[in-house]
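As a plain string of letters, each chain reads:
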Amino acid sequence: MATRRIERTQESRRLLVAAAAELFAEKGYRQTSFIDIADKAGISRGSIPWHFGNKLGLLEAVVDDQLQAVLTGFAPPDGERPGDPLDQVMGFIRRPVTRLFITLLAEAVEVGSPIREHYARLHAALRQGVRARIPAEALPPGTTPEAFTVLLVGTVMGVHAQWRVAPEAVDLEAVRAAIRALLPASLGQA
């Protein structure tokens, strides 16, 4: 009996995190209510504070879930050679939930934003995933891996924001090819 209760609890938590991620991406953190999340998840709104304490706790769970997705997306399966980091990043931005990053950014840059720290953790995880795939010897002279990672992630995030706002105006494949042409040739061999 206890096992079934644990399974239901884990499933409720998973549904709430998924619903919150989708709604935060669609409406923003501040404009999303417990009622919105509970309705979307099909679970009592009283479950949210029980599982997460408060709305910020739920946001932390969403960010942690997305951090895990970012890090998992950059980890090759056991025994396999890592794929092209640019292809992985460009593929990642096509995922529907990545809209969350754009929506939260608008709120995270505000002074005193309760989500600023969480968004910074998301950026750090993305940079970590990309940085781990960039061999220092592949970079142009005088370029540090850290600076190059910030540049590459910033470029992709800017492309992502433009694509989310006007998908008809941004050809992701053409942009990927342009970024590839500008990258050191050996970088894709990581």
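As a reminder, the structure under discussion sits directly above these lines.
Here the structure is a predicted model, which is why all the values come from computation and not from measurement.

Definitions and cut-offs
Residues numbered from 1 in each chain as written. Predicted model: local features only at pLDDT ≥ 70, side-chain atom pairs only at ≥ 80, totals over all residues. Heavy atoms only, no water. Helix = DSSP H or I, 4+ residues; strand = E, 2+ residues; numbered from the N terminus. Buried < 20%, exposed > 50% of the residue type's maximum accessible area, 1.4 Å probe, protein only. Contact = heavy atoms within 4.5 Å. Axes fitted to C-alpha atoms, helices over the stretch in contact; angles between N-to-C directions. Parallel < 35°, antiparallel > 145°, perpendicular 65-115°, else oblique. Left-handed = near helix turned anticlockwise from the far one by under 90°. Nonpolar A, V, L, I, M, F, W, Y, C, P; charged D, E, K, R; others polar. Core = buried A, V, L, I, M, F, W, Y, C linked by side-chain atoms within 4.5 Å. Phe/Tyr/Trp six-rings, centres within 6.5 Å; stacked < 30°, edge-to-face > 60°. Lys NZ or Arg CZ within 6 Å of the ring centre and 35° of its normal. Polar contact = N/O pair within 3.5 Å; in protein donor to acceptor, adjacent residues only side chain to side chain.

K.L.:
Can you break down the overall build of the protein chain residue by residue, with the values?
P.N.:
Along its length, the protein chain carries 9 helices and 0 strands. Beginning at the N terminus, the succession of helices and strands in the protein chain can be written as α-α-α-α-α-α-α-α-α. Split into buried and exposed, the 190 residues of the protein chain put 40% on the buried side. Counting contacts in the protein chain only where the partners sit at least 6 residues apart, residues at least 24 apart contribute 67% of the total.

K.L.:
Report on the packing of helix H6 (residues 99-108) against helix H7 (residues 116-131), specifying residues and quantitative values.
P.N.:
Put simply, H6 and H7 touch, their axes get as near as 9 Å, and they point 135° apart. Judged by the inter-axis angle, H6 sits oblique to H7. Here H6 runs over H7; the crossing is left-handed. Packed against H6, whose contacting residues are Phe101, Leu104, Leu105 and Ala108, the element H7 presents Arg116, Tyr119 and Leu122 at the interface. The class makeup of the residues in the contact of H6 with H7 is 6 nonpolar, no polar and 1 charged.

K.L.:
With reference to specific residues and values, describe the nonpolar core.
P.N.:
The biggest cluster of nonpolar side chains holds 29 residues, and the ones touching the most others in it are Phe24 and Ile37. Residues contacting Phe24, with those up to four places away along its chain left out, are Tyr29, Thr32, Ile37, Lys55, Leu59, Val62, Leu100 and Thr103. Counting residues in hydrophobic clusters, the runner-up holds 18 residues, among them Leu126, Leu152, Val156 and Leu172.

K.L.:
Quick one: what's the story with the packing of aromatic side chains, residue by residue and with numbers?
P.N.:
One pass over the structure, following the stated rule, counts 1 aromatic pair. With centroids separated by 5.4 Å and ring planes inclined at 65°, the aromatic side chains of Phe24 and Tyr29 adopt a geometry described as edge-to-face. When the ring centre of Tyr29 is taken as reference, the NZ or CZ atom of Lys55 above it lies at 4.7 Å.

K.L.:
Got a sec to walk through the environment of Arg116? Specific residues and values, please.
P.N.:
Inspection of the secondary structure assignment puts Arg116 in helix H7. Separated by 10 residues in the primary sequence, Arg116 and Ala106 have C-alpha atoms spaced 9.9 Å apart. Setting aside anything within four residues of it in sequence, one finds Arg116 in contact with Ala108, Val109, Glu110 and Val111. At 3.5 Å, the side chain of Arg116 forms a polar contact with the backbone oxygen of Val109.

K.L.:
An account of the environment of Leu151 is requested, with residue identities and associated values reported.
P.N.:
Residue placement: Leu151 occurs in helix H8 (residues 145-165). The class of Leu151 is exposed, set by a relative accessible area of 54%. Along the primary structure Leu151 and Arg127 are separated by 24 residues, whereas in three dimensions their C-alpha atoms are 9.8 Å apart.

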